[in-house]
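In case you want the letters, here they are:
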Amino acid sequence: MDLGIRGKRALVCASSKGLGRGCAEALAAAGVDLVMNARGGEALEAAAEAIRVRHGVAVTTVAVDVATEAGQRALLDAAGSVDILVNNAGGPPPGHWSDWTREDFLRALDANMLAPIALMKALLPGMIDREWGRVVNITSQAVKAPIAVLGLSNSARAGLTGYVAGTSRQVARHGVTINNMLPGIHATDRATALDRGVMTAEGISMEEAQARRFATIPVGRYGTTEEFGAMCAFLCSVHAGFIVGQNILLDGGAINATL
């Protein structure tokens, strides 16, 4: 399917690996030029060069921490005018409700709620002026079904979801859509870290930790970054102009819900 976005320009945050990389790859395959961001410059440059070679698109890299105001300013200065924004940031660590401090919550909010909002506020006006734009926020399945040990993530991402619910309806008439993608467990470093935590806490092997989680997913496996990226690219396409303010769950059926 021709997604109709060849020649567009996208800013993809936290895209040197994992789900962000999957989105960057899928957009590049559709002919979209990229501004890629991550904190680690070496991994970011390697990912960008691989995408340039594979897809023949222009790729600008900005190695900054998007959770900071200075990082956001540098990223926006380098990005300039973009048609597509993919917000993404690593989730805060798991823990126990009694251990989290105010500072822990502020760090989670900065990364997973306030940074995406800041980028949207900066880039939406240009999209509105051009009467076309796409924003996709990578959040979490925890928005729909909170995970107890991920309370910091639950809180921050739920706040972002509420912001999008209102804002998306205000900008839709200008040809700009905002939607959220809610990943379940995908084969990324984040999944490995969570599995390692279970392995350590329960004294089991990594294989057993993964097998236990596989058993909770109806498809019997983790998702792939390619599958995730394909959905992101579709939401950014010309075919998705009637999808507004939605939370798209990509979890292999793990959350058992009618709606």
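Right above here is the structure, for reference.
Definitions and cut-offs
- Residues numbered from 1 in each chain as written.
- Predicted model: local features only at pLDDT ≥ 70, side-chain atom pairs only at ≥ 80, totals over all residues.
- Heavy atoms only, no water.
- Helix = DSSP H or I, 4+ residues; strand = E, 2+ residues; numbered from the N terminus.
- Rg over C-alpha atoms; globule rule 2.2 N^0.38 Å.
- Buried < 20%, exposed > 50% of the residue type's maximum accessible area, 1.4 Å probe, protein only.
- Contact = heavy atoms within 4.5 Å.
- Areas by Shrake-Rupley, 256 points an atom, 1.4 Å probe, with all protein chains shown as cover.
- Pairing = 2+ DSSP bridges.
- Axes fitted to C-alpha atoms, helices over the stretch in contact; angles between N-to-C directions.
- Right-handed = clockwise from strand over helix to strand, strands pointing away.
- Expected span 1.5 Å × (residues − 1).
- Arc of directions from axis to C-beta.

Thoughts on the overall build of the protein chain
Secondary structure summary: the protein chain contains eight helices and seven strands in total. A compact globule built from 259 residues should have a C-alpha radius of gyration of about 18 Å, and the protein chain, at 18 Å, falls within 12% of that. In terms of principal-axis extent, the alpha carbons of the protein chain reach across some 55 × 40 × 40 Å. Counting across all 259 residues of the protein chain, residues that qualify as buried make up 46%. Pairs at least 24 residues apart make up 73% of the contacts formed inside the protein chain by residues separated by at least 6 positions. In the structure as shown, the protein chain presents an accessible area of about 12100 Å², 55% of it carried by carbon and sulfur atoms.

Thoughts on the sheet that holds strand 7 (residues 247-250)
Reading across the sheet, the seven strands line up as 3-2-1-4-5-6-7 and stay open at both edges, with parallel pairing between neighbours. Whereas interior strands pair on both sides, the edge strands pair on one side only; in this sheet they are strand 3 (59-63) and strand 7. Between one strand and the next, the sheet's axes are offset by a mean angle of 15°, whatever the strand orientation. Across six bridges, strand 5 (residues 133-138) lies against strand 6 (residues 176-183) in parallel orientation. Bridging from a neighbouring strand, R134 pairs with T177 of strand 6. Packed onto the sheet, helix 4 (residues 102-130) meets strand 1 (9-12), strand 4 (84-87), strand 5 and strand 6 and runs at close to 170° relative to strand 4. Across the sheet, helix 5 (residues 151-171) touches strand 5, strand 6 and strand 7, and the angle it forms with strand 6 is around 155°.

A short note on the pairing of strand 2 (residues 33-38)
Taking burial as the measure, the six residues of strand 2 include five buried ones, the bulk of the element. Here four bridges tie strand 1 to strand 2, and the two strands are oriented parallel to one another. Residue pairing across strands places R9 opposite D33, the latter belonging to strand 2. Bridge count for strand 2 against strand 3 is five bridges, and the pairing is parallel. Of the residues in strand 3, the one forming a bridge with M36 is T61. Chirality of the crossover, the property in question, places the unit of strand 2, helix 2 (residues 41-55) and strand 3 among those that are right-handed.

Some details on helix 2
Here helix 2 is 15 residues long and its end C-alpha atoms lie 21 Å apart, about the 21 Å a rise of 1.5 Å per residue gives. Every buried residue of helix 2 is accounted for by L44, A47, A48 and I51. Down the axis of helix 2, the buried side of the element spans an arc of 100°, and every buried residue falls inside it. Across from the buried face of helix 2, at angles greater than 90 degrees, the exposed residues are E42, A46 and V53. If you follow the buried residues of helix 2, they end up packed against helix 1 (18-29), strand 2 and strand 3. Just downstream of helix 2, G56 is the residue with a positive phi angle, here 70°.

Nothing here speaks to function; it is geometry throughout.
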